[in-house]
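Summary of the model geometry
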Number of protein chains: 2
Amino acid sequence: MKESGRKVGAVSPCAACKLLRRRCAQVCVFAPYFPADEPQKFASVHKVFGASNVNKMLQELPEHQRRDAVSSMVYEANARVRDPVYGCVGAISSLQKQIDSLQTQLALAQAEVVHMRMRQFSTSSSPGAMDRAVDQAAMGESLWSC
Amino acid sequence: MKESGRKVGAVSPCAACKLLRRRCAQVCVFAPYFPADEPQKFASVHKVFGASNVNKMLQELPEHQRRDAVSSMVYEANARVRDPVYGCVGAISSLQKQIDSLQTQLALAQAEVVHMRMRQFSTSSSPGAMDRAVDQAAMGESLWSC
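Presented here is an overview of the structure given in this document. Computed from a prediction, not measured in an experiment: that's the story for all the values here.

The next subject is the pattern of salt bridges. Per the counting criterion, the structure on display carries four salt bridges over all chains. Between Arg80 of chain A and Glu76 of chain B there is a salt bridge whose closest N-O contact spans 2.5 Å. Remark: Glu76 of chain B occurs in helix α4 (residues 63–82) and Arg80 of chain A occurs in helix α4 (residues 63–82); the pair is interchain, linking two chains. Glu112 of chain A is paired through a salt bridge with Arg117 of chain B; the nearest N and O atoms lie 3.3 Å apart. With Glu112 of chain A in helix α5 (residues 87–122) and Arg117 of chain B in helix α5 (residues 89–122), this residue pair bridges two chains. Overall, the relative accessible area of 7% leaves Arg117 of chain B in the buried class.

Within helix α3 (residues 51–59) of chain B, the full set of buried residues consists of Ala51, Asn53, Val54, Met57 and Leu58 of chain B. Buried residues of α3 of chain B, viewed axially, fall in a sector of 165°; they line one side. Where the residues of α3 of chain B are buried, they touch α2 (39–48) and α4 of chain A together with α1 (15–20), α2 (39–48) and α4 of chain B.

Glancing now at the packing of helix α3 (residues 51–59) of chain A against α4 of chain A. Residues and elements named next belong to chain A. Put simply, α3 and α4 touch, their axes get as near as 10 Å, and they point 150° apart. Judged by the angle between their axes, α3 and α4 are roughly antiparallel. Crossing of α3 against α4: the hand is right-handed. Across the interface between the two elements, Val54, Met57, Leu58 and Gln59 from α3 touch Arg66, Ala69, Val70 and Met73 from α4. By residue class, the composition of the contact of α3 with α4 is six nonpolar, one polar and one charged.

How each quantity is defined
Per chain, the residues get numbers from 1 upward, laid out in the order the sequence is written. Here the convention is simple: chains get letters from A, ligands get numbers from 1, in the order in which they are written. In view of the model being predicted, local features appear only for residues whose pLDDT reaches at least 70, and side-chain atom pairs are presented and counted only at 80 or more, with totals across whole chains, interfaces and linings using the full set of residues. For the side-chain quantities, the full set of heavy atoms in the structure was used; hydrogens and water were omitted. Within this document, salt bridges are pairs made up of a side-chain nitrogen of Lys or Arg and a carboxyl oxygen of Asp or Glu, the two lying within 4 Å of each other. In DSSP terms, a helix is any run of H or I states spanning at least four residues, a strand is any run of E spanning at least two, and both are numbered starting from the N terminus. With a 1.4 Å probe rolled over the protein chains alone, any residue whose accessible area is under 20% of its type maximum counts as buried; one over 50% counts as exposed, and the rest are partly exposed. Each C-beta atom gives one direction from the helix axis, and the arc is the one those directions make. Residues count as neighbours in contact if any of their non-hydrogen atoms are within 4.5 Å of one another. The angle between two axes is taken between their N-to-C directions and runs from 0 to 180 degrees, where each axis is a line fitted to C-alpha atoms and a helix contributes only its stretch in contact. In this scheme, roughly parallel covers angles under 35 degrees and roughly antiparallel covers those over 145, while 65 to 115 is roughly perpendicular and the rest are oblique. The handedness criterion is simple: a crossing whose near helix is rotated anticlockwise from the far helix by less than a right angle is left-handed, and one whose near helix is rotated clockwise is right-handed. Basically, the charged four are Asp, Glu, Lys and Arg, the nonpolar ten are Ala, Val, Leu, Ile, Met, Phe, Trp, Tyr, Cys and Pro, and anything else, Gly included, counts as polar.

And the structure:
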């Protein structure tokens, strides 16, 4: 199947044209991304964005970006169907909370490492050991960056 | 301003009715959330979801959830206008990468703590110190949960 249209000789309409009850042209903008055997994909984007908006958004993009755009619209639409109040902004908020929690845990773990390193150096007998511990503690963060 | 409609006596149309060039009724579903002085909010959701879909989605929700729904729709629409290929799914993907990176950094920091603790115990003279170190290492994760 070509990105720009449909297989020559194909007669069955794509999922979009089937739902919209219209003739599925050879150059149908929906056909490459909404196959007849996955009707739910188009049903979701149609419900949330509207067929005309989806059509417009696809037409405004170069062909090589349309598949990704359809995937992200289907994802967004499904999220909005599942959660009509927050849609995929709910997922963003939940991921943001997870990041805050991980940053707190990481800060605690890094503080623990610095604390242990300083204790270790303070019991060492070599001169200047505490200075080195403080220097390493100051550099602490770079140890964990990956 | 009431959630269910507009101030009695208000004459200027809301941003939605202004854009759609229609009369803004006392019970206009858009008016409480799309004030005339913020025209860009409605312009974005109209471009991405379509006024009719926004209307339908709001009508299907109880009034106390409509403000959050509008905020999340405006957020989503602005993200789609900024990034027509990935929309706010791009933000989700970027947050997910940030989480993966933080989880790796946290695992490294926790491993460092366990390593230092075991080294500390192994140089200790008390009997059974190594067993305690291994026990503490096994419990490692609970030390960081917050």
